[in-house]
Amino acid sequence: MKIVTSVLKSLVLVTALFSFSITAAFAQSAEEGEKLYNANCTSCHAINEKVVGPALKNVHTKRKEVWLLKWIKNSQALVKSGDADAIAIYKENNESVMTSFENLSDNQIKSIIAFIKKESEAPIQASIVPTGTSSANASTTEATEVSGTLKTSINWLVIVILALLIMVIVLVLDILAKVGDIQGKPVINWNGINAKLMLAFGSIGLVASAWEIWEHGKLTVLNQTPASTHGAEHDNMFMITLIITGIVFFITQGLLFWYAYKYKHSSKRRALFYPDNHKIELVWTVIPAIVLTILVVRGLKTWTDMTGEKDPNSRVIEVYGYQFAWNARYAGEDNLLGKHDFRQIGVMNALGVDTTDVKAQDDIVTNELHLGVGEPVLLKFRAKDVIHSAYLPHFRVQMNVVPGLPTQFGFTPSLTTAEMRQKLNNPKFDYVILCNKICGGAHYRMKMKVVVHAKEEFKQWLAQQPRLVNKSTPNVQATAQVETSTKTKLAN
Ligand code: HEC
Ligand SMILES: [Cu+2]
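Since we're looking at a predicted model, the values are computed, not measured.

## Some thoughts on the site of ligand 1
Lining the immediate environment of ligand 1, one finds 24 residues, of which Cys41, Cys44, Gly53, Asn93 and Met98 sit closest. Looking at the shell around ligand 1, the elements with two or more residues in it are helix H3 (65–73) and helix H5 (84–92). A per-element tally of the shell around ligand 1 places H3 first, with three residues. When its residues are assigned to classes, the shell around ligand 1 shows 15 nonpolar, eight polar and one charged.

## Regarding the sheet that holds strand E3 (residues 364–366)
Reading across the sheet, the five strands line up as E3-E2-E1-E5-E8 and stay open at both edges, with mixed pairing between neighbours. Each of the sheet's edge strands pairs with one partner strand only, and the pair in question is E3 and strand E8 (407–411). In this sheet, adjacent strand axes meet at a mean angle of 25° when their direction is disregarded. In the sheet, strand E5 (residues 377–383) pairs with E8 via five bridges, with the strands oriented antiparallel. In the sheet register, leucine 378 faces E8, and the bridge partner there is glycine 410.

## Digging into the environment of histidine 45
The residue histidine 45 is located in the loop between helix H1 (2–40) and helix H2 (59–62) in this model. Judged by the 21 C-beta atoms lying within 10 Å of it, histidine 45 falls in the buried class. Counting along the chain gives 10 residues from histidine 45 to alanine 55, while the straight-line C-alpha distance between them is 6.2 Å. The residues contacting histidine 45, other than those within four sequence positions of it, are Val51, Gly53 and Leu56.

## Notes on the pairing of strand E6 (residues 388–392)
Each regular strand displays side chains that alternate between the two surfaces of the sheet. When you tally the buried positions in E6, you get four out of five residues, the bulk of the element. As defined by bridge partners, E6 adjoins strand E7 (residues 397–401) across five bridges and the pair is classed as antiparallel. For leucine 392, the partnering residue across the bridge sits in E7 and is valine 397. In sequence, E6 turns back onto E7 through a hairpin of four residues, with arginine 396 there showing a positive phi of about 55°. Relative to strand E9 (residues 431–435), E6 runs antiparallel, the two being bridged by two bridges.

## A word on the confidence of the model for the chain
Chain-level statistics for the chain give a pLDDT mean of 83 and a share of 84% at 70 or above. The model gives residues 17–24 a pLDDT under 50, and that stretch makes zero contacts with residues more than four places away or in other chains.

## Some details on the sheet that holds E9
An order of E4-E10-E9-E6-E7 is seen for the five strands of this open sheet, with the pairing classed as mixed. Of all strands in the sheet, those with a lone pairing partner are strand E4 (369–372) and E7, marking the two edges. Strand-to-strand twist of the sheet, defined as the mean angle between neighbouring strand axes without regard to direction, takes the value 20°. Across the sheet, helix H13 (residues 455–464) touches E4 and strand E10 (447–453), and the angle it forms with E4 is around 140°.

## Observations concerning unusual backbone geometry
Residue phenylalanine 324 is bonded to the preceding glutamine 323 through a cis peptide linkage, with omega at 0°. Secondary-structure assignment places phenylalanine 324 in the loop between strand E1 (315–322) and strand E2 (325–330). Despite not being glycine, asparagine 58 shows a phi value in the positive range, around 60°. With respect to the secondary-structure elements, asparagine 58 resides in the loop between H1 and H2. Positioned with a positive phi, glutamate 95 is a non-glycine residue whose angle comes to about 55°. In this structure, glutamate 95 sits in the loop between H5 and helix H6 (106–121).

Quick notes on the rules
Residues numbered from 1 in each chain as written. Chains lettered and ligands numbered in written order. Predicted model: local features only at pLDDT ≥ 70, side-chain atom pairs only at ≥ 80, totals over all residues. Near = placed C-beta within 6 Å. Helix = DSSP H or I, 4+ residues; strand = E, 2+ residues; numbered from the N terminus. Nonpolar A, V, L, I, M, F, W, Y, C, P; charged D, E, K, R; others polar. Pairing = 2+ DSSP bridges. Axes fitted to C-alpha atoms, helices over the stretch in contact; angles between N-to-C directions. Buried ≥ 20, exposed ≤ 12 C-beta atoms within 10 Å, placed from the backbone. Contact = placed C-beta atoms within 7 Å. pLDDT = per-residue confidence, 0-100.

Here's what the structure looks like:
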C-alpha cells in the first residue's frame, strides 16, 4: 500500500514539474516572439485590426505551422509555387507584397506564432457590456456589436431631443420679444447679458490657457533635459519666443474682453469720434516689428547653427522611411555607405541597396537606430513612397523625408538611454524616432526605437550586427543569392 502511494505521489510530482516546465518554456518563447513581432511585424500587422496586412488574430488555428513558416520566410515564393491559400490571401490584399523574413530561424518564427496565439487568446479589453454570457470571445464581440447599434440609436435620440429643445427656446424668446414690443421696454436686457458673457468667456479662457500651459506643459519633451548638444540652445530659443508671445497674448486678450464688458452700450454715453493718431500707430507698428525681427533673426541663427556646418568626422547613417516603418543603414569597416537604386527595391531588398557595389557589401541594415553618446552623427534621410518626417523629440531633431530628395540632419547625442532612464526615473524609457507627417492609414504606428550607448558599448553592438553580404552568415548569403538570381532574370 505504502509503495503505491509513494509511486502515485512521485508521479503527481513529475507531471506537475513537467507541465510547469512546458508553460515556462511557452511563456518564454512567447516573450521572445513579442520582441521579434514588435521589431518586424507591427509596421504592417496588428492582432485585432487590419493595417497593411490582415489582422493576425487566430492565424495559428487558421493555417498549419509548416505553411506559416514558409509564408513568413518568403510569402512570394509560396504564392509562385501555386499554393491556393497563399494566392487567395495575396489576391484579397490587392496583391500587396509582404516583406520576406529569410533571416528569421524556424524557432524564432515559432516564437512569434506563440506570441500571436497568446494575444489571440487574451480577452478583448474594449468596452464590454455585461450580457450574462461573458466567457467566450465570440460572445464578447457580439456584445460589442449589440452595444454599437444601441449606441447609434441613442445618439439619434439625443440629436432629436436637442433639436426640439432649441426650437422651444427660440419660440419662447420670440414670444418674450413680442411682449417687450407691446410693453415698449425689452423683457430681457441682452446688452447686459452679452457684456457679462464676454467677461466670463474672457476670464475662463485665460485661466484655462494658463492652467493648460502649467498642467500639460509638464508632459511635453520641453520639460525634459534635451538629449543632444544643440538641444539646450533650441529649448532656450523656444522658451524665449513662448514667454514673449505669451505675455503679449495675455495682455491683449485680457484687454479685449475687459473693454467689451466695460464699454458696453449705454444710452447715457456717446462714443467719442477719434479717427486717427499717428503717434499711437507708429508705436504699435514699430515695437512689434522690432520684437519680431529679434525673434526671427535669433531663430534663424539657432537653425543655421543646428543644421549648418557639420563635423567632418560624423558617422553617416542612412535612415530609410516607408509606409509604415523605418530602417537604419550603417557603413561597415570601410566607413562608406554603398550605392542604392530605387529600381532594386523589391521583396528581397527592401532598401534597394546595390549589393554589387563593394562599398555596400559590408553595410549593416537594422530596424533600431543605435548611437554612441558624444559621437557626432549625420543622419541621411531617404523615403521609399511618400513624404514622411523624421522626428526625434528627445534630441530636438526633425527633418522631412522626401522621395527623390536627399535631406540630412547632424547632431551629437549627449545622454545615453541608461542616463535618461535614470533622469526620468523610468526604467522602461526608450528614445524614439517618429513620423511627423500624416503619411497614410497606419501613420500612427510608424516609429523606431533609438538606443544611445556608451562609446565602447556602441562599438560592440555595431561589430555584432550581420553585414549585408557576408559569407559567414548563411541566412544573409541566401538572401544575396536570390537577389543575384532575380537580377539575372531582369537582365534577360
Ligand atoms: C510590409 C508589410 C508587412 C510586414 C512587415 C509583415 N507583413 Fe505579414 N502580411 C502583409 C500583407 C500585405 C499580407 C497579406 C498577403 C499579401 O498581400 O501578400 C500579409 C499576410 C500575413 C499572414 C497571412 C495571414 C492569413 O490570414 O493567412 C501572416 C501569417 C503574416 N502576414 C505574418 C507576418 C509576420 C509574423 C510578420 C513579421 C515577422 C509579418 N507578417 C510582417 C504585410 C506585411
Ligand atoms: Cu510616415
